[in-house]
Amino acid sequence: SGTVTEEKGDALPGVNVILKGTPFGTNTDTKGKYALTIPDSAGVLVFSFLGYKTVEKEVGNRTILDVSMGLSDNSLDEKLSLVSV
């Protein structure tokens, strides 16, 4: 379990949290919190959200895994192209 935030510390609701290479996954709630039961602590969690860089974190022996996500390099280009249309 943990919390996903953006660089300024604000919660990110709706982030996809997937155990890499498996069908196990969930989404963050309105407060950026998630909980996921995984079968093996050797796994890697993949955090993805539109407009943000995908983050991969090894679970290891941690029970709490908080993540901060940064804006994608091309998210500014996407916003600019929407404005100019």
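Higher on the page you've got the structure.
Reading the values: rules and limits
Residues numbered from 1 in each chain as written. Predicted model: local features only at pLDDT ≥ 70, side-chain atom pairs only at ≥ 80, totals over all residues. Heavy atoms only, no water. Pairing = 2+ DSSP bridges. Helix = DSSP H or I, 4+ residues; strand = E, 2+ residues; numbered from the N terminus. Axes fitted to C-alpha atoms, helices over the stretch in contact; angles between N-to-C directions. Salt bridge = Lys/Arg side-chain N within 4 Å of Asp/Glu carboxyl O. Buried < 20%, exposed > 50% of the residue type's maximum accessible area, 1.4 Å probe, protein only. Contact = heavy atoms within 4.5 Å.

Below, the discussion takes up the sheet that holds strand β2 (residues 16-19). Taken in spatial order, the four strands of this open sheet run β3-β2-β5-β6, and their pairing is antiparallel. Two strands bound the open sheet, and with one partner strand each, they are β3 (25-27) and β6 (55-58). Put simply, the sheet's adjacent strands are angled 20° from each other on average, direction ignored. Summarising the sheet, β2 and strand β5 (residues 44-48) pair through four bridges and their orientation is antiparallel. Paired with Leu-19 across the strands is Leu-45, a residue of β5.

In regular strands, side chains alternate between the two faces of the sheet. Bridge analysis of β5 against β6 gives four bridges, and the strand direction is antiparallel. Across the sheet, residue Val-46 finds its bridge partner in β6, namely Glu-56. Here β5 folds back onto β6, and the loop between the two strands holds six residues, one of which, Gly-51, carries a positive phi near 90°.

Turning next to the pattern of salt bridges. By the definition in use, this model includes one salt bridge. A salt bridge links Glu-56 to Lys-20, with the nearest nitrogen and oxygen atoms 2.9 Å apart. With Glu-56 in strand β6 and Lys-20 in the loop between β2 and β3, this pair connects stretches of sequence that are 36 residues apart. Residue class for Glu-56 comes out partly exposed when judged on its relative accessible area of 45%. Given the relative accessible area of 47%, Lys-20 is considered partly exposed.

Okay, the sheet that holds strand β4 (residues 33-34) next. Taken in spatial order, the three strands line up as β4-β1-β7 in an open sheet, and their pairing is mixed. The two strands at the open ends of the sheet, each matched to only one other strand, are β4 and β7 (67-69). As defined by bridge partners, strand β1 (residues 2-6) adjoins β4 across two bridges and the pair is classed as antiparallel. Residue pairing across strands places Thr-3 opposite Lys-33, the latter belonging to β4.

Glancing now at the environment of Gly-32. Topologically, Gly-32 is positioned in the loop between β3 and β4. Given a relative accessible area of 0%, Gly-32 falls into the buried group. Taking the C-alpha atoms as reference, Gly-32 lies 9.6 Å from Glu-6; in sequence the two are 26 residues apart. If sequence neighbours within four positions are ignored, Gly-32 has contacts with Gly-2, Thr-3, Val-4, Ala-11 and Leu-12.

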